[in-house]
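Analysis of the macromolecular model
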Amino acid sequence: MSEATIDLVRNALVQALSPTFLDIEDEGYLHHGHAAAASGLGYFCVTIWSEAFAGCSRIDIHKKIYHALGTLMQTHIHALSIVIKKPL
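Residues numbered from 1 in each chain as written. Predicted model: local features only at pLDDT ≥ 70, side-chain atom pairs only at ≥ 80, totals over all residues. Heavy atoms only, no water.

Focus on the overall build of the chain
Counting secondary structure elements, the chain contains three helices and three strands. Reading the secondary structure of the chain in the N-to-C direction produces α-β-β-α-α-β. Relative to its 88 residues, the chain shows a buried fraction of 35%. Across the chain, the fraction of contacts at a sequence separation of at least 24, relative to all contacts at a separation of at least 6, is 64%. (Helix = DSSP H or I, 4+ residues; strand = E, 2+ residues; numbered from the N terminus. Buried < 20%, exposed > 50% of the residue type's maximum accessible area, 1.4 Å probe, protein only. Contact = heavy atoms within 4.5 Å.)

Examining the side chain of threonine 47
Structurally, threonine 47 can be placed in strand β2 (residues 42–49). Residue threonine 47 is classed as buried on the basis of its relative accessible area of 11%. In contact with threonine 47, not counting residues within four places along its chain, are Phe21, Leu22, Asp23, Val83 and Lys85.

A closer look at the nonpolar core
Note on soluble globular proteins: their nonpolar side chains tend to be buried together. By size, the foremost hydrophobic cluster in this structure holds 21 residues, and its most contacted members are Val9, Leu13, Ile65, Leu69, Ile77 and Leu80. Contributions of two or more residues to this core are made by α1 (2–17), β2, α2 (58–69), α3 (72–75) and β3 (77–84). In terms of residues, this core owes the most to one element, α1, which gives five residues. Among all residues touching leucine 80, those that are not within four sequence positions of it are Phe44, Val46, Ile65, Tyr66, Leu69 and Met73. (Core = buried A, V, L, I, M, F, W, Y, C linked by side-chain atoms within 4.5 Å.)

Some thoughts on α2
Over its 12 residues, α2 runs 17 Å from end to end, which matches the ideal 16 Å to within 8%, given 1.5 Å per residue. Packed against the buried residues of α2 are α1, β2, α3 and β3. (Expected span 1.5 Å × (residues − 1).)

Some words on the sheet that holds β3
Spatial strand order, β1-β2-β3: three strands in an open sheet with mixed pairing. Looking along the sheet, the strands with just one partner apiece sit at the ends: β1 (21–26) and β3. The mean inter-strand angle of the sheet, taken between neighbouring strand axes irrespective of direction, is 20°. Relative to β3, β2 is paired through seven bridges, and the arrangement is parallel. (Pairing = 2+ DSSP bridges. Axes fitted to C-alpha atoms, helices over the stretch in contact; angles between N-to-C directions.)

What to know about the confidence of the model for the chain
When pLDDT is averaged across the chain, the result is 88; 83% of the residues are at 70 or more. Taken element by element, the chain is modelled with least confidence in α3, mean pLDDT 92, and with most confidence in α2, mean pLDDT 97. (pLDDT = per-residue confidence, 0-100.)

Quick word on the packing of α1 against α2
At a minimum axis distance of 8 Å, the contact between α1 and α2 shows a crossing angle of 120°. By the angle between their directions, the pair α1 and α2 is classed as oblique. Of the two elements, α1 crosses α2, and the hand of that crossing is right-handed. Two secondary-structure elements touch here, α1 through Val9, Ala12, Leu13, Ala16 and Leu17 and α2 through Lys64, Ile65, Ala68 and Leu69. Tallied by class, the residues present in the contact of α1 with α2 amount to eight nonpolar, no polar and one charged. (Parallel < 35°, antiparallel > 145°, perpendicular 65-115°, else oblique. Left-handed = near helix turned anticlockwise from the far one by under 90°. Nonpolar A, V, L, I, M, F, W, Y, C, P; charged D, E, K, R; others polar.)

This is the structure we're talking about:
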């Protein structure tokens, strides 16, 4: 399920934010044995930059990302780590 979820996350973020950099990692292996791990929901780390973030606060960027992911946060994602990384 994680590869399919990564594809869903990637598609949602690309469609909403047109990122210039995007990397999505499945971090489920870090949570083996946690009660929520059995729920079927995933643990992911998103490293991202988009021109849509220019001038935004860190909180506003997180809001944009969560808005872009929409219901995936309830149906596919248990935990999301976000790294905002401007390209060099």
